[in-house]
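# Architecture at a glance
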Amino acid sequence: MGASTKRAVSGGLSEAQGVSEDSLRLYRTMLLIRHFEESVRRLAAAGETPGLVHLCSGQEATNVGVVLALAEGDYIASHHRGHGHCIAKGTPIDLLLAEILGKAPGICGGRSGSMHVVDLPRRNLGTNGIVGGGIPLAAGAALAARARGTGEVAVCFFGDGALNQGLLHECMNMAAIWSLPVIFVCENNGYGEFTAMEDVTAGPSINARGEVFGIPSVTVDGMNVRAVRAATLDALARARAGQGPSFLVCNTWRYGGHHAGDKQDYKDDEETKRWQALDPLITFAKTLVAEKRATEDELALIEEEVARQVKEAVAFARAAPQPALETLELHVHG
Amino acid sequence: MAEMITFREGVLEALFEEMRADPSVILMGEDVGAAGGVFQQTKGLFEEFGARRIIDTPISESGAFGMAIGAAMAGMRPVFEVMFGDFMTLCMDQLVNQAAKVRYMSNGAATVPLVLRTTMGVGAGLGPQHSQGFHAWAAHVPGLKIVVPSDAADARVLMKAAIRDDDPVLFFEDRLLYAAKAQARDADESLPLGRGRILRAGRDVTLIAIGRMVGVARAAAEELAREGIEAEIVDPRSLVPLDEALLLDSVKRTHRALVMDAAPLRYGVTGEVAAVLSEKAFDWLDAPVGRLGAVDTPVPISRSLESFVCPTPARVAAAVRKMM
Ligand SMILES: Cc1ncc(C[n+]2csc(CCOP(=O)(O)OP(=O)(O)O)c2C)c(N)n1
């Protein structure tokens with residue numbers, strides 16, 4: 001895509017949208033994700049995380065704006081940068097962190113790690129080590145919901161990198177012809193690994209990738225939790241009314257580089273500063289205070305509480321044992 | 001006496017029965033709906049079960065199979081058709097990285113109860129991209145189950161077992177068997193996968209064959225019987241799980257074994273089975289375990305070349321004579 005279509009960075013949400021939500025819950029969940037991720041970053045730097053970990057600090061508004069709009073029975077399929085989705089969908093952070101460290105009490109027994117967390121009891125079809133891999137899983141869960149007539153909706157999250165996987169286009173086409181209750185959510189953080197989205201993505205816009213299938217497609221300020229929530233509620237209403245899929249392009253930013261430890265030489269400082277000014281936590285905190293939903297002191301208390309929770313999770317996960325050798329060959333087949 | 005059914009009808013009957021019994025069973029594939037399947041293998045299903053359960057997919061094997069996996073994780077039991085086994089390559093990532101690993105990755109909390117049904121068959125003049133069987137490839141992937149039925153009766157009971165199984169099952173149908181008839185059999189209807197069958201008793205050598213190779217083994221056994229060599233024929237029916245006990249028991253009685261398959265010999269099913277026998281029945285063997293497979297080439301379209309690709313009764317008989 002040409003420079004003229006560089007992503008819009010501005011907010012521009014209508015304040016009227018999404019005000020009936022539990023604002024403090026949105027804030028607290030975003031904060032929990034941020035503290036969790038920053039702890040994972042420290043653990044990774046200390047060499048305590050096996051495998052690669054991809055952190056979503058900066059993308060909390062997209063994670064939380066979508067997931068907290070869902071009903072408990074709705075499905076999500078996540079991707080390699082998926083801790084925030086798991087937390088928002090309710091996976092306990094101590095079990096999630098133990099999983100990331102490959103420990104026995106991890107949510108998957110310490111056999112899956114950051115990129116392969118499957119938490120089906122919470123209707124999370126999993127983070128995914130294959131770029132685009134979760135897309136058909138969510139579309140398939142939507143197909144199941146349609147076949148049963150049970151009314152659940154499925155959301156698939158993917159990065160801008162997955163825009164160029166054929167799988168996305170196959171699934172968008174099928175979701176459209178079958179009017180599936182699925183929401184495609186692109187978390188466009190501008191880069192796939194070390195490559196700028198614009199350099200590898202053709203066409204007039206990202207939305208056009210959905211529009212070509214007749215899927216209602218909107219660009220959303222992914223740094224603004226309310227904007228994301230409002231767009232998700234619209235898409236959910238359409239899905240539940242049998243009107244089929246939607247495509248949300250959430251423009252957002254990852255602070256931490258591709259994986260924990262990435263020095264990010266490929267980003268320029270100006271760009272980083274511009275996005276940091278839009279930090280979803282800082283901006284939402286200001287809004288909450290301005291709207292008198294909380295005082296600064298109350299927000300500080302929430303932060304203290306969240307920090308304590310994460311600290312406990314870290315202590316729990318670090319102290320947890322490695323999985324027993326006898327578990328190695330379990331659950332290959334039923 | 002039970003009626004005679006063709007292989008094609010055997011699988012179709014299983015689909016009708018399981019779909020009637022369990023509303024979570026759905027069928028997905030190309031032209032499987034009103035058209036009744038390109039081999040007429042899904043005829044009548046659409047009329048009875050409708051478009052919500054008999055789903056005509058676009059030609060998008062990767063995405064559609066991935067969706068079958070998602071549907072399975074969300075409580076359905078999809079049977080997914082891949083028209084020609086060769087096209088399974090388009091589903092490979094979904095199969096290997098998602099379907100096969102979900103149970104393990106979720107520590108047993110999530111399952112993928114689906115059947116990937118596909119066809120193969122050397123000998124129909126369909127050439128390099130429409131003949132191949134990938135059962136050996138798939139058998140190498142932890143987490144998948146592999147079924148290769150050899151006749152109509154087995155096709156029916158094994159498809160029923162595959163649909164009821166909670167793991168991803170790959171069901172390989174040899175198109176050259178589609179019109180072959182056998183007597184329907186209810187006896188082992190409720191057996192789980194992993195049980196083989198002795199199809200012919202014999203004292204001198206065990207012929208281990210799957211799919212269409214069972215017929216080749218039978219013809220060879222008749223030829224050998226005229227020479228006084230009595231071959232036992234064992235069909236493991238599924239490669240994963242493999243009924244090792246049955247194979248070992250037979251070989252310990254006959255002291256000789258020949259393993260055969262219609263897919264390329266190199267790194268294939270025959271090598272694996274031969275290794276199991278050699279490791280676990282070495283002291284009972286009077287000759288090295290023999291094996292016969294297809295030649296290690298793509299499948300040519302020329303009739304004369306193609307007829308040379310797979311083991312024949314004459315080649316099986318010759319191989320047995322050599323080990324006596
Ligand atoms: C099929 C596949 N190809 C390549 C990779 C290696 N890889 C992991 S993440 C990634 C970049 C993905 O970028 P994007 O989808 O934009 O997500 P982001 O990391 O920016 O959140 C790549 C290439 C992979 N995991 N899977």
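Predicted model, so just to flag it, every value in this text is computed and none were measured.

About the thresholds
- Residue indices follow the written sequence of each chain, beginning from 1 at its first position.
- All chains are assigned letters beginning at A, and all ligands numbers beginning at 1, according to the order in which they are written.
- At least 70 in pLDDT is required for a residue's local features to be given in this predicted model, at least 80 for side-chain atom pairs to be given and counted, and no such filter applies to totals for whole chains, interfaces and linings, which use all residues.
- Here the side-chain values reflect all heavy atoms present in the structure, with hydrogen atoms and water set aside.
- Helix and strand assignments come from DSSP, with helices taken as H or I runs of at least 4 residues and strands as E runs of at least 2, each series counted from the N terminus.
- Just to be clear, the radius of gyration here is over C-alpha atoms, and the globule rule we use is 2.2 Å times residues to the power 0.38.
- Remark: exposure states derive from per-residue accessible area (1.4 Å probe, protein chains only) relative to the maximum for the residue type, with buried under 20%, exposed over 50%, and partly exposed in between.
- A contact between two residues is defined here by any heavy atoms of the two lying within 4.5 Å.
- Shrake-Rupley sampling with a 1.4 Å probe provides the accessible areas, and residues are treated as covered by the protein chains on show and by no other component.
- Asp and Glu are treated as the negative residues and Lys and Arg as the positive ones, with His and the ends of the chain left uncounted.
- Every charge is mapped onto a representative atom, which is NZ of Lys, CZ of Arg, CG of Asp or CD of Glu.
- Domain delimitation follows an automatic or database domain assignment.
- Buried area is calculated as the accessible area (1.4 Å probe) missing from two parts once they are joined, with the contributions of both summed.
- By definition, a salt bridge exists where a carboxyl oxygen of Asp or Glu is found within 4 Å of a side-chain nitrogen of Lys or Arg.
- Only the stretch in contact is used when a helix axis is fitted, and all axes are lines through C-alpha atoms; the angle between N-to-C directions ranges over 0 to 180 degrees.
- We call two directions roughly parallel when the angle between them is under 35 degrees, roughly antiparallel when it is over 145, roughly perpendicular when it lies between 65 and 115, and oblique otherwise.
- Should the near helix be turned counterclockwise from the far one by less than a right angle, the crossing is left-handed, whereas a clockwise turn marks it as right-handed.
- For this classification, Asp, Glu, Lys and Arg are treated as charged, while Ala, Val, Leu, Ile, Met, Phe, Trp, Tyr, Cys and Pro are nonpolar and the rest, including Gly, are polar.
- Space inside and on the surface of the protein is sampled on a 1 Å grid over the protein atoms alone, with a cavity defined as a set of points where a 1.4 Å probe fits but cannot get out and a pocket as an open set with protein on both sides within 12 Å along at least 5 of 7 lines; lining residues have an atom within 4 Å of a point.
- Grid points are joined across faces, edges and corners, and a volume is the space filled by probe spheres set on the points.

This next bit is on the overall build of chain B. Looking only at helices and strands, chain B features 12 helices and 14 strands. Relative to the compact-globule value of 20 Å for 324 residues, chain B shows a C-alpha radius of gyration of 19 Å, a close match. Expressed along its principal axes, the backbone C-alpha trace of chain B runs to roughly 55 × 45 × 45 Å. Burial statistics for chain B: of 324 residues in total, 61% are counted as buried. Counting only contacts in chain B whose residues sit at least 6 apart along the sequence, the fraction spanning at least 24 positions is 81%. A total of about 12,100 Å² of accessible surface is found on chain B, and carbon and sulfur atoms cover 55% of it. Charged side chains in chain B number 34 positive and 42 negative. The centres of these two groups are separated by 2 Å.

This part takes up the domain arrangement of chain B. Residues and elements named next belong to chain B. Splitting chain B by domain gives domain 1 (4–183) and domain 2 (197–323). For domain 1 and domain 2, the distance between their C-alpha centres works out to 26 Å. The partner domain 2 presents 24 residues to the 26 residues of domain 1 that form the contact. For the domain 1 and domain 2 pair, buried surface summed over both sides reaches about 1,900 Å², with 59% attributable to carbon and sulfur atoms. Where domain 1 touches domain 2, the interface holds four salt bridges. Among the ionic pairs, Asp151 bridges to Arg197, the shortest N-O distance being 3.6 Å.

Before going further, it helps to examine the environment of B:Leu246. All names here are of chain B. With respect to the element layout, Leu246 can be found in helix H9 (residues 244–254). Using a relative accessible area of 19% as the deciding quantity, one classes Leu246 as buried. In sequence terms Leu246 and Met83 are 163 residues apart; their C-alpha atoms lie 32 Å from each other. If we ignore the near neighbours within four places in the chain, the residues touching Leu246 are Gly196, Arg197, Ile198 and Val234.

Take the packing of helix H1 (residues 23–45) of chain A against helix H11 (residues 280–290) of chain A next. All names here are of chain A. Interhelical geometry of H1 versus H11 gives an angle of 155° and a closest axis separation of 10 Å. As far as their axial angle goes, H11 and H1 are roughly antiparallel. Where H1 crosses over H11, the two elements pack in a sense that is left-handed. In contact with Ser23, Leu24, Leu26, Tyr27, Met30, Leu31 and Arg34 of H1, H11 contributes Pro280, Leu281, Phe284, Ala285 and Leu288. Each residue belonging to the contact of H1 with H11 can be placed in one class, and the counts come to 10 nonpolar, one polar and one charged.

Time to look at the pattern of salt bridges. Pairs may arise between side chains of opposite charge once their charged atoms sit close together. Taken as a whole and assessed by the stated rule, the structure comprises 37 salt bridges over all chains. Across the pair A:Glu305 and A:Arg308 runs a salt bridge whose closest N-O atoms are separated by 2.9 Å. One end of the pair, A:Glu305, and the other, A:Arg308, are both in helix H12 (residues 296–319), three residues apart, so they sit about a helical turn from each other. Residue classification places A:Glu305 among the partly exposed positions, given a relative accessible area of 29%. With a shortest N-O distance of 3.0 Å, B:Asp174 and B:Arg212 are connected by a salt bridge. Pair noted here: B:Asp174 is in strand S7 (residues 169–174) and B:Arg212 is in the loop between strand S10 (205–209) and helix H8 (213–225), with a separation of 38 residues, a long-range link. On the basis of relative accessible area, B:Asp174 is assigned to the buried category, the value being 3%. When salt bridges with common partners are traced through the structure, they connect B:Glu13, B:Glu17, B:Glu18, B:Arg156, B:Lys160 and B:Arg164 into a single cluster.

Moving on, we come to the layout of surface pockets. Residues and elements named next belong to chain B. In this model, the largest pocket occupies a volume close to 640 Å³. Taken together, 24 residues form the lining of the largest pocket, with Ala136, Ala139, Tyr267, Gly268 and Val269 sitting closest to its centre. When residues of the lining of the largest pocket are traced back to their parent elements, those giving at least two are helix H6 (135–139), strand S12 (238–240), strand S13 (257–264) and helix H10 (269–280). By residue number, the principal contributor to the lining of the largest pocket is H10, which donates five residues. Its residues assigned to classes, the lining of the largest pocket comprises 14 nonpolar, six polar and four charged.

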